[in-house]
Amino acid sequence: MEDTLAFAERAHAGKPQLPLVLRLIQNTGVQKRHIVQPIEEALRHPGFEERNRIYALESKKRCPGVIEQALANAGVGVRDIDLIIYVSCTGFLMPSLTAWLINSMGFRSDTRQIPIAQLGCAAGGAAINRAHDFCKAYPGSNVLIVACELCSLCYQPDDDGVGALLSDGLFGDAVAAAVVRGSGGTGMTLQRNASYLIPNTEEWISYAVRATGFHFQLDRRVPGTMEPLAPVLRDLATDHGWDVRNLDFYIVHAGGPRILDDLAKFLDVDRERFRHSWATLTQYGNIASAVVLDALRRLFDEDPPVPGGTGLLAGFGPGITAEMALGAWSTDAPTNVH
């Protein structure tokens, strides 16, 4: 944060919005972020074409190692994967990176591909839900999810809109991967999923696509969206026979402090129950679709629930869209497999 504030003071020196910029950055709660380039380079703008070239280069450099770790954690190999879901809203490749991964890492040529590009931060939850659907449709299948979010390649140093100014201090870069196994393994056994779009909010989170790339646009009403979404999450749990206030774990998108605080308030859940999401936000920033995967990693690493423990996973993003899943913790493999 100290580096970000220092750069903001130089970039906006003498401008009337400087106090607002500094306040927005300080209020994010983000203490540290990881980015694929030095911050000096990230705040330069070499053009959309060059930034997308860096996106292609960095995604191919960084995804394979993360994927290999995810496969090892799940106890499966590349030949066991039947579908790859690749999610990213920070660069564009056609064909999708899924084609390159299949060719370069030895996945089967009949591996199905689902790229998801336009659900933003909700895409991590969407990927998990589509993997769940696939495994129900094709029992025994295995799905690899890959999230590659290089948000720093979307920074717009000359954009003074509130959305851009907020993103300067909030978003970080991350690559994450997870495996949804059709059977076996240790982790969250998915039982139910759902989607919900708040009516008439499609312009509240968006990109303006210009010659300089993707310009993040954020409506001031977005932080208040947890109030209408909390009843949807509560009803999902109730319909499943669970009380949303008394689950054993919660994995939710860390869009910012207000999102997490409001969700705890409106669900009547202790703020501390979202500790994994808070840790992701503080240590990595908002890493878009990768947030739920990192928060889930923290659950695995720090305090796995007892078998049968109930949980909720939810991602929020443009639309305004919520992607939600319910599941129970299962352990039927060695504890280091997840």
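Placed above this text is the structure.
It should be emphasised that the depicted structure is a prediction, and the values quoted were computed from it without experimental measurement. (Residues numbered from 1 in each chain as written. Predicted model: local features only at pLDDT ≥ 70, side-chain atom pairs only at ≥ 80, totals over all residues. Heavy atoms only, no water.)

A. Quick look at the packing of helix H4 (residues 48-74) against helix H5 (residues 97-105). Close contact between H4 and H5 brings their axes to 11 Å; oriented N to C, the two are set at 60°. H5 is crossed by H4, and the crossing has right-handed handedness. Together, Ser59, Lys60, Cys63, Pro64, Ile67 and Glu68 of H4 and Leu97, Trp100, Leu101 and Met105 of H5 make up the contact between the two elements. Each residue belonging to the contact of H4 with H5 can be placed in one class, and the counts come to seven nonpolar, one polar and two charged. (Axes fitted to C-alpha atoms, helices over the stretch in contact; angles between N-to-C directions. Helix = DSSP H or I, 4+ residues; strand = E, 2+ residues; numbered from the N terminus. Left-handed = near helix turned anticlockwise from the far one by under 90°. Contact = heavy atoms within 4.5 Å. Nonpolar A, V, L, I, M, F, W, Y, C, P; charged D, E, K, R; others polar.)

B. The arrangement of unusual backbone geometry in detail. With omega at 5°, the peptide bond leading from methionine 94 into proline 95 counts as cis. In this model, glycine 319 is joined to isoleucine 320 through a cis peptide bond whose omega is -15°. Residue placement: isoleucine 320 occurs in the loop between strand E9 (310-317) and strand E10 (321-331). Look at asparagine 200: it is not a glycine, yet its phi comes out positive at around 60°. If you trace the backbone, asparagine 200 turns up in the loop between strand E5 (186-197) and strand E6 (205-210).

C. Representation of the nonpolar core in the model. Formed by 84 residues in total, the largest nonpolar core has its most connected members in Phe274 and Phe316. Not counting the four nearest positions on each side in its chain, phenylalanine 274 is found in contact with Tyr250, Val252, Leu260, Leu263, Ala264, Leu267 and Val269. By size, the runner-up hydrophobic cluster in this structure holds 25 residues, among which are Leu71, Val76, Ile102 and Met105. (Core = buried A, V, L, I, M, F, W, Y, C linked by side-chain atoms within 4.5 Å. Buried < 20%, exposed > 50% of the residue type's maximum accessible area, 1.4 Å probe, protein only.)

D. Representation of the pattern of salt bridges in the model. Under the counting rule described, the total for this entry stands at 17 salt bridges. For glutamate 41, the salt bridge identified is with arginine 44, shortest N-O distance 2.9 Å. Between arginine 275 and glutamate 272 there is a salt bridge whose closest N-O contact spans 3.4 Å. On the accessibility criterion, arginine 275 (31% relative accessible area) is partly exposed. Among the residues examined, glutamate 272 registers a relative accessible area of 42% and is labelled partly exposed. Salt bridges here are not isolated pairs; linked through shared partners, they connect Asp294, Arg297, Arg298 and Asp301. (Salt bridge = Lys/Arg side-chain N within 4 Å of Asp/Glu carboxyl O.)

E. Quick peek at the side chain of aspartate 82. By the element assignment, aspartate 82 lies in the loop between H4 and strand E1 (83-87). Polar contacts involving the side chain of aspartate 82 include one to the side chain of arginine 108, which spans 2.9 Å. Filtering out sequence-adjacent residues up to four positions away, aspartate 82 remains in contact with Arg108, Thr111, Arg112, Phe134, Ser141 and Asn142. (Polar contact = N/O pair within 3.5 Å; in protein donor to acceptor, adjacent residues only side chain to side chain.)

F. Geometry of the sheet that holds strand E3 (residues 142-150). One open sheet accounts for four strands, arranged E2-E1-E3-E4; its pairing is mixed. One side of each edge strand has no neighbouring strand; the edge strands of this open sheet are strand E2 (112-116) and strand E4 (173-181). Direction aside, neighbouring strands of the sheet carry axes that sit 15° apart on average. (Pairing = 2+ DSSP bridges.)

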